[in-house]
Amino acid sequence: MPLLALAVATAVVAFEQLVQVRYGVLGLVGSLLLSVGLKARHTGCSTAGALVLATLLLHP
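Everything in this summary refers to the structure shown in the same document. (Residues numbered from 1 in each chain as written. Predicted model: local features only at pLDDT ≥ 70, side-chain atom pairs only at ≥ 80, totals over all residues. Heavy atoms only, no water.)

1. Side note on the overall build of the chain
Alright, step 1. Looking only at helices and strands, the chain features two helices and zero strands.
Alright, step 2. Relative to its full complement of 60 residues, the chain shows a buried share of 18%.
Alright, step 3. For the chain, restricting intrachain contacts to residue pairs at least 6 apart in sequence, the fraction spanning at least 24 positions comes to 23%.
Alright, step 4. As presented, the chain carries roughly 4600 Å² of accessible surface, and 76% of it is formed by carbon and sulfur atoms. (Helix = DSSP H or I, 4+ residues; strand = E, 2+ residues; numbered from the N terminus. Buried < 20%, exposed > 50% of the residue type's maximum accessible area, 1.4 Å probe, protein only. Contact = heavy atoms within 4.5 Å. Areas by Shrake-Rupley, 256 points an atom, 1.4 Å probe, with all protein chains shown as cover.)

2. What to know about helix α1 (residues 2–40)
Alright, step 1. Under the 1.5 Å per step criterion, the end-to-end length of α1 is only 23 Å for 39 residues, more than 12% shorter than the ideal 57 Å.
Alright, step 2. Among the residues of α1, those classed as buried are E16, V19, G27, G30, S31 and G37.
Alright, step 3. As for α1, its buried residues are in contact with α2 (43–58).
Alright, step 4. Of the residues trailing α1, R41 is marked for its positive phi of about 55°. (Expected span 1.5 Å × (residues − 1).)

3. Here we look at a nonpolar patch on the surface
Alright, step 1. A cluster of nonpolar residues, M1, L4, V8 and V12, forms a patch on the protein surface that exposes about 440 Å² of accessible area.
Alright, step 2. Given the relative accessible area of 43%, V12 is considered partly exposed. (Patch = residues over 30% accessible without salt bridge, like charges linked within 9 Å, V, L, I, M, F, W, Y side chains within 5 Å. Salt bridge = Lys/Arg side-chain N within 4 Å of Asp/Glu carboxyl O.)

4. Comments concerning unusual backbone geometry
Alright, step 1. Of note, the phi angle at R41 is positive, near 55°, even though the residue is not glycine.
Alright, step 2. Topologically, R41 is positioned in the loop between α1 and α2.
Alright, step 3. Accessibility expressed as a relative area gives 77% for R41, which makes it exposed.

Set out below in structure tokens:
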């Protein structure tokens, strides 16, 4: 079980680093808003994070 938790935590950190490298600080903020909103079940926070990430992905 601890090995699975370590693997998931490593994957999350790697994903956040990839988003920050590719999309900058705003990408990191969007992914953090989305993850915190989903964890806390706060729809406003998760929606804001999803909108930030969608805007970054759709921007040429």
